[in-house]
Amino acid sequence: MKSYIIGTAGHVDHGKTTLIKALTGVDTDRLKEEKERGISIELGFASLPLPSGAKAGVVDVPGHEKFVRQMLAGIGGIDLVLLVIAADEGVMPQTTEHLEIIDLLQIPRGIIVLTKVDLVEQDWCELVKLEVAEALKGTVLAQAEIIEVSATSRVGLDYLLSRIDEELTQLSGKADLGPCRLPIDRSFSVPGFGTVVTGTMYHGNLQVGDPVVIEPGEIKSRVRSMQVHGNKVEQGFAGQRVAINLPNVELNDIPRGATLLSPGFLNPSQILDLSLILLDSAEMPLVQRQRVRFHIGTKEVFGRIHLLDREEIEPGAKVYAQILLEEPVVAARKDRFIIRLYSPARTIAGGVIIDVGNRKCKRYSEQSVAQMVIKERGTPEDLISEQLLKGFVPQTTTELGLTTGLNIPELEQALVKLGEQVDSYIIEGQAYWFHNESLLPLRSELTRLIDQYQKKHNLRPGVLKEEIKSRLFTNWNSKTYSGLLKYLHDNRIIEVSGNYIKLPGFKAEPQGTLQLIASQVITEFKAAKLSPPDWESLMNKYQIDQTLREELLQYFLHTEILVKVTGNLYFSFEALEEAKKTIAQLLKEKSEFIASEAKDRLNTSRKYLIPLLEYFDSQKITRRIGEKRVTF
């Protein structure tokens with residue numbers, strides 16, 4: 001069953017809270033101060049069962065000018081808005097500001113509720129309706145129905161409820177699959193339970209036990225328990241009003257306007273690309289670097305306007321710009337925002353976010369403006385390419401949907417159209433998409449580093465994975481890094497063997513004079529059998545410098561030409577294998593043996609015998625019991 005969120009808007013004391021109580025039976029003026037003053041200061045919530053069987057959460061937002069910030073916090077995730085206007089007063093200043101906010105946020109559907117009709121004559125009511133219709137012209141609510149009601153006499157309430165149901169059931173559902181995004185509008189402490197946060201889930205779903213993170217701040221926790229409209233649930237979905245109990249989180253640690261997320265879903269940002277509209281009602285232009293109040297979701301933060309192609313915006317104009325924020329916010333492409341003056345706090349602008357987390361754009365740059373146009377108006381293929389060409393940062397399908405604002409069917413169709421321009425690698429069944437053009441510079445740098453390393457260290461099997469990661473993939477987690485290496489290996493760009501990376505066809509081996517010396521060293525070890533030469537003495541004999549002798553030793557060990565038995569004692573692989581066969585034959589003839597018996601069979605001195613037998617014990621070929629050894 002789909003869930004919806006209804007929000008109220010309108011001037012103070014026009015009857016929003018009374019209307020909600022008449023519809024739901026819930027008094028949303030829950031705070032003591034609200035009771036005493038008869039005004040909604042904080043957001044109030046109520047559950048509204050609809051005739052179709054669906055459920056809606058009703059957000060009662062304050063109407064007084066001082067509380068517009070709370071109104072913005074509540075209205076961001078709304079499916080349908082009830083603009084409440086009292087018949088005895090008509091359109092008031094805060095009615096106009098709330099209507100401007102609704103228009104800027106592009107709330108998809110709305111109904112105008114004309115309250116207190118029992119207090120006026122019908123003729124007066126008709127005049128007010130004409131005034132309201134005039135105010136609605138040119139806004140997103142221009143075609144909204146005006147319904148006359150009285151909460152006290154219940155006139156028009158049944159019809160209003162049926163119309164709410166009809167409007168909501170025509171909406172498509174929210175994206176209730178995938179990671180969770182829930183802007184927090186309230187946080188409080190419950191004795192015996194700890195911290196609880198509430199909000200409207202914008203995206204995805206969440207289950208009890210799931211890990212979560214609160215941003216900004218990277219506060220980690222998990223879902224201990226969850227409620228939807230006061231009922232305990234195991235899972236919450238996009239479109240629902242959710243209350244979540246979080247263990248190990250202090251109430252004072254949660255910043256106002258924070259967002260609860262599935263880990264790794266969205267990262268906070270302080271630079272956002274905007275398509276911005278300055279209201280006709282703005283009294284003066286918005287100028288370059290002007291300090292403003294920026295509202296998104298439940299967050300209010302100060303920031304400065306960064307204009308790309310002008311020094312100021314005239315009222316009524318639409319432009320591309322950036323907002324340079326003083327604090328990070330959680331945002332995604334296609335999120336709506338509101339801008340208010342720094343002082344006095346009055347709504348002047350708004351629009352839509354077209355990209356997140358970019359660098360500050362160069363002013364008066366045709367390229368900067370052209371990129372903004374693509375971000376706002378480009379085809380799905382343009383949007384995907386623009387995101388994936390920012391740098392080689394592969395994105396999952398979910399992440400790509402969020403950064404481009406495309407739904408899954410649109411994404412899949414566009415990825416097919418892009419063909420060989422894009423590719424992906426799979427990690428745990430999940431595709432990570434990238435643009436092949438963005439891979440080219442990284443591929444070039446990677447192969448250059450490996451080639452440079454191989455020429456300098458031609459005796460080594462390749463570059464250690466961790467060394468490459470520290471040079472080129474510092475911020476990558478191990479999972480995505482390993483997935484990329486597998487992709488590059490499968491496509492013969494590199495070869496991955498164990499902990500090493502090399503270029504295809506590379507073989508570690510001595511070169512030139514060292515090749516002859518290495519051959520003579522091997523011959524000496526093989527000829528010595530189980531009485532091998534001392535490594536350092538042998539290197540002195542051939543006048544090998546300290547650095548090179550260590551490189552040569554590691555080459556012999558890696559290729560298993562030599563095997564380290566203990567300390568500085570090394571045997572040739574062939575001699576060691578022959579010794580294993582001899583010991584196996586001895587144990588076959590006798591169930592146990594002592595060191596002297598092994599010495600005779602192996603034809604070596606005690607100097608080498610004891611380390612050799614201890615090595616066989618460590619390799620679980622033999623097991624020592626007192627002075628004797630038996631089969632492991």
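Cut-offs applied
Residues numbered from 1 in each chain as written. Predicted model: local features only at pLDDT ≥ 70, side-chain atom pairs only at ≥ 80, totals over all residues. Heavy atoms only, no water. Helix = DSSP H or I, 4+ residues; strand = E, 2+ residues; numbered from the N terminus. Rg over C-alpha atoms; globule rule 2.2 N^0.38 Å. Buried < 20%, exposed > 50% of the residue type's maximum accessible area, 1.4 Å probe, protein only. Contact = heavy atoms within 4.5 Å. Areas by Shrake-Rupley, 256 points an atom, 1.4 Å probe, with all protein chains shown as cover. Lys, Arg positive; Asp, Glu negative; His and termini not counted. Charge placed at Lys NZ, Arg CZ, Asp CG, Glu CD. Pairing = 2+ DSSP bridges. Axes fitted to C-alpha atoms, helices over the stretch in contact; angles between N-to-C directions. Parallel < 35°, antiparallel > 145°, perpendicular 65-115°, else oblique. Nonpolar A, V, L, I, M, F, W, Y, C, P; charged D, E, K, R; others polar. Salt bridge = Lys/Arg side-chain N within 4 Å of Asp/Glu carboxyl O. Polar contact = N/O pair within 3.5 Å; in protein donor to acceptor, adjacent residues only side chain to side chain.

Moving on, we get to the overall build of the chain. Within the chain, the secondary structure is distributed over 19 helices and 35 strands. Scaling as 2.2 N^0.38, a compact globule of 632 residues should have a C-alpha radius of gyration of about 26 Å, whereas the chain reaches 36 Å, well beyond that. Its C-alpha atoms give the chain principal-axis dimensions of about 120 × 60 × 40 Å. Looking at the 632 residues of the chain, the share that counts as buried comes to 50%. If you take every contact in the chain between residues at least 6 apart in sequence, the share linking residues at least 24 apart comes to 66%. Working note: accessible area of the chain is about 30,200 Å², and carbon and sulfur atoms make up 49% of it. Averaging the positions of the 76 positive and the 83 negative side-chain charges in the chain gives two centres separated by 9 Å.

Right, let's get into the sheet that holds strand 29 (residues 495-497). Spatially, the three strands line up as an open sheet ordered 28-30-29, and their pairing is antiparallel. Pairing within the sheet leaves two strands with one partner each, and these edge strands are strand 28 (463-464) and strand 29. Where strand 28 lies against strand 30 (residues 500-502), two bridges are found, and the strand directions are antiparallel. Paired with Val463 across the strands is Ile501, a residue of strand 30.

A few words on the packing of helix 17 (residues 573-589) against helix 19 (residues 606-618). If you want to describe how two helices pack, look at the angle between their axes and the distance between the axes. Orientation of helix 17 relative to helix 19, taken along the N-to-C sense of each, is 75°, at an axis distance of 12 Å. Overall, the two elements helix 17 and helix 19 adopt an arrangement that is roughly perpendicular. Contacts from Leu576, Ala579, Lys580 and Ile583 in helix 17 reach Leu612, Leu613, Tyr615 and Phe616 in helix 19. Residue classes in the contact of helix 17 with helix 19 are distributed as seven nonpolar, no polar and one charged.

Before going further, it helps to spend a moment on the sheet that holds strand 17 (residues 269-278). One closed barrel accounts for six strands, arranged 17-22-20-19-23-24; its pairing is antiparallel. Taking the axes of each pair of neighbouring strands and ignoring which way they run, one obtains an average angle of 45° across the sheet. Across four bridges, the pairing between strand 19 (residues 291-296) and strand 23 (residues 336-341) is antiparallel. In the strand pairing of strand 23, Phe294 is matched with Ile339. Across the sheet, helix 7 (residues 366-377) touches strand 17, strand 22 (318-329) and strand 24 (347-356), and the angle it forms with strand 22 is around 85°.

Below, the discussion takes up the pattern of salt bridges. One pass over the structure, following the stated rule, counts 38 salt bridges. Between Arg291 and Glu326 there is a salt bridge, and its shortest N-O distance comes to 2.7 Å. Of this pair, Arg291 sits in strand 19 while Glu326 sits in strand 22, placing them 35 residues apart in sequence. Residue classification places Glu326 among the partly exposed residues on the basis of a relative accessible area of 39%. Close ionic contact of Lys502 with Glu495 constitutes a salt bridge, the shortest N to O distance being 3.7 Å.

Let's shift gears to unusual backbone geometry. Between Glu215 and the following residue, Pro216, the backbone shows a cis peptide bond with an omega angle of -5°. Relative to the helices and strands, Pro216 resides in the loop between strand 10 (211-215) and strand 11 (219-222). For the bond from Ser343 to Pro344, the omega torsion is -5°, close enough to zero to count as cis. Looking at the element boundaries, Pro344 is found in the loop between strand 23 and strand 24. Phi angles above zero are rare outside glycine, and Asp13 is one such case at about 65°. Of the residues examined, Asp13 reaches a relative accessible area of 60% and is grouped as exposed.

Glancing now at the side chain of Gln240. Mapping Gln240 onto the fold places it in the loop between strand 14 (235-237) and strand 15 (241-246). One polar contact links the side chain of Gln240 to the main-chain amide nitrogen of Phe237, over a distance of 2.8 Å. The contacts of Gln240, once residues within four sequence positions are left out, are Ser3, Ile5, Gly199, Thr200, Met201, Val228 and Gln235.

What follows deals with the environment of Ile102. The topology assignment puts Ile102 in helix 4 (residues 93-105). Relative accessible area serves as the criterion here: at 0%, Ile102 is assigned to the buried category. Separated by 452 residues in the primary sequence, Ile102 and Gln554 have C-alpha atoms spaced 70 Å apart.

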